[in-house]
Structures are given as structure tokens and as C-alpha cells.
Amino acid sequence: MTSEKSIFTRIIEGEIPCFKVFENDYVYSFLDINPVSHGHVLVIPKEPAQFLHELSPESSSELGKALSIISKSITEVTGATSYNIIQNNGSQAGQTVFHVHFHIIPKYPESTHSFPWKTMEIDKKEASELAQKISHNME
Ligand code: 5GP
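Residues numbered from 1 in each chain as written. Predicted model: local features only at pLDDT ≥ 70, side-chain atom pairs only at ≥ 80, totals over all residues. Heavy atoms only, no water.

Caption draft 1: Geometry of the layout of surface pockets. Of the voids in this model, the largest pocket is the one considered here, and its volume is about 360 Å³. Considering the residues around the largest pocket, the lining is formed by 20 residues, among which F8, D32, I33, L42 and V97 are closest to the centre. Elements supplying a minimum of two residues to the lining of the largest pocket: α1 (7–12) and β2 (27–31). In the lining of the largest pocket, the residues fall into 12 nonpolar, 7 polar and 1 charged. (1 Å grid on protein atoms, 1.4 Å probe; cavity = no way out; pocket = protein on both sides within 12 Å on 5 of 7 lines; lining within 4 Å. Points joined across faces, edges and corners; volume = space filled by probe spheres on them. Helix = DSSP H or I, 4+ residues; strand = E, 2+ residues; numbered from the N terminus. Nonpolar A, V, L, I, M, F, W, Y, C, P; charged D, E, K, R; others polar.)

Caption draft 2: Broad picture of the site of the ligand. If you check the shell around the ligand, you find 16 residues, and the closest are D32, N88, T96, H101 and H103. In the environment of the ligand, a nitrogen atom lies 2.9 Å from a nitrogen or oxygen atom belonging to the backbone of L31. Between an oxygen atom of the ligand and a side-chain N or O atom of N88, the distance comes to 2.9 Å. Here the ligand loses 83% of its free accessible area of 520 Å² to cover by the protein chains. If you map the ligand onto the pockets, it falls in the largest pocket. Only α1 and β2 provide two or more residues apiece to the shell around the ligand. Here the element with the most residues in the shell around the ligand is α1; it accounts for 3 residues. (Near = heavy atom within 4 Å. Polar contact = N/O pair within 3.5 Å; in protein donor to acceptor, adjacent residues only side chain to side chain. Areas by Shrake-Rupley, 256 points an atom, 1.4 Å probe, with all protein chains shown as cover. Sits in = over half its atoms within 2 Å of the grid points.)

Caption draft 3: Expanded view of the pairing of strand β5 (residues 102–107). The buried fraction of β5 is high, at 5 of 6 residues. Here strand β3 (residues 41–45) pairs with β5 via 3 bridges, running antiparallel. Bridge pairing in β5 links V43 to F102. In terms of strand pairing, strand β4 (residues 82–86) meets β5 through 5 bridges, oriented antiparallel. Following the sheet pairing, N84 is matched in β5 by I105. (Buried < 20%, exposed > 50% of the residue type's maximum accessible area, 1.4 Å probe, protein only. Pairing = 2+ DSSP bridges.)

Here you go:
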């Protein structure tokens, strides 16, 4: 994270206008300026971190709560019964604004957007070791 303010911090501080949908002490939420679908909303922490894993427990927890509340409101207002939540970390993963953000993207019967990815077969021996390593690393 550079010391320069991200565009999202400037939105939180009111320097750049946005269509706000939610705010509390930890979280800010507004419409995406280039929506993938009607009702595409961004949910961001006020804490200025680039990566999800850099956030404080308080911000993480408040984001989780806000995502659920805001998703419910979007489905009720737009009528969408399906939606995707996308969260990109790092430029190789498609992150273009280096301030943590979640996309809530409603999907309608007529929507044509998709988020394709290629899958591969799991190697069970390697998977067992990997799962243990990740698990032990958190102890
Ligand atoms: P990313 O590709 O980093 O996951 O997504 C960044 C998102 O931020 C994009 O969907 C883009 O449209 C949105 N965005 C970038 N700048 C602005 C802005 O100034 N205002 C709003 N509302 N959204 C923005």
C-alpha cells in the first residue's frame, strides 16, 4: 500500500462523488461507476488496505455483516434472485483499485455476463499435504 490515497478513500472522504447506499463506522458502500448489471454495488472497508488479508479483525467482521445486509436490500429492490460476490486481490487477480472492495453483482434471467474459470483435477496426495500446511500455518 502506498501512502497515496486510493480513489476509494477519496470517495469515503467526500472528495469524489458517488451514489452511496450504506455507511457505518467501518464500512462504506456505493454503486459501481461502470456496472456489470443493474444494481452492481461496491462494499469497502474504511480502513485503507490493498489486500483482504491485511484487514483488522474489526473491519473484516463488519464487512461480512454489511455484505449480507446490503445483498438482501439489493435483491429486494431489484428483484434479482441471484447474485455474485467478487473480490479481487492483486493486479494478477484483476484488481484495478488497490483498496479492498467486494462487488455485489445481481444476475437476472436476461443477464449475459459470466465469470468463467477453468478447473483441473485435484491431486489427492498433494491436496492432503496442502490442506494440512494451510491449516497448521494458522495455529
Ligand atoms: P476491481 O477491478 O479492482 O475489482 O474493480 C474496481 C471497480 O471500481 C471497477 O468495477 C470500477 O468500475 C470501479 N470504480 C473505479 N473507479 C470508480 C469511481 O471513481 N467510482 C465508482 N463508483 N466506482 C469506481
